[in-house]
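# Observations on the model geometry
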Amino acid sequence: MDEKLEQVIARKGRHIALVIAVTMVLWLVLSMFIGPALGLPGRYALLIDFAALAGFIYAVINIYQLWRLRQDSQR
């Protein structure tokens with residue numbers, strides 16, 4: 001595997017890790033602390049949950065792309 005491809009794989013892996021971590025932290029903070037403190041109705045909690053779900057789906061799609069990239073690089 002050449003150096004440039006290794007850098008691309010590493011960058012994509014860091015990006016995925018950052019997306020997962022930020023999504024999780026924002027989801028927990030918004031739904032557990034900020035939402036109830038502001039007295040937001042339950043429909044906003046559901047909206048926050050759907051936004052977090054979208055972030056996690058984005059991460060899963062990128063994980064699949066990273067897996068494919070690694071599989072192609074080994075051939």
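The present account deals with the structure reproduced in this document. (Residues numbered from 1 in each chain as written. Predicted model: local features only at pLDDT ≥ 70, side-chain atom pairs only at ≥ 80, totals over all residues. Heavy atoms only, no water.)

### Looking at helix α1 (residues 3-38)
Short version of the rule: Each helix is a run of DSSP H or I of at least 4 residues and each strand a run of E of at least 2, with the numbering of both proceeding from the N terminus. Helix span, as expected, comes to 1.5 Å for every residue beyond the first. Bend, at a single residue, is the angle you get between axes fitted to the 7 residues ending at that residue and the 7 residues starting at it. The classification of residues rests on relative accessible area computed with a 1.4 Å probe and restricted to protein chains. Under 20% of the type maximum is buried, over 50% is exposed, and intermediate values are partly exposed.
Here α1 contains 36 residues, and its C-alpha end-to-end distance of 50 Å stays within 8% of the 52 Å for a straight helix at 1.5 Å per residue. The sharpest bend along α1 reaches about 40° and sits at leucine 30. All of the buried residues in α1 are Ile9, Lys12, Ile16, Val19, Thr23, Ser31 and Gly35. A positive backbone phi angle near 70° is found at glycine 39, which sits one or two residues after α1.

### Re the packing of aromatic side chains
Which entries qualify depends on this criterion: Ring pairs are drawn from Phe, Tyr and Trp, using the six-membered ring of Trp, whenever the two centres fall within 6.5 Å, and their geometry is named by plane angle: stacked under 30 degrees, edge-to-face over 60, tilted for the rest.
The final tally for this structure, using the stated rule, is 2 aromatic pairs. Measuring from ring centre to ring centre gives 5.9 Å for tyrosine 64 and tryptophan 67, while their planes differ by 35°; the resulting arrangement is tilted. In this pair, tyrosine 64 and tryptophan 67 are both assigned in helix α2 (residues 42-73), 3 residues apart and thus about one turn of the helix distant. When its relative accessible area of 49% is taken as the criterion, tyrosine 64 is described as partly exposed.

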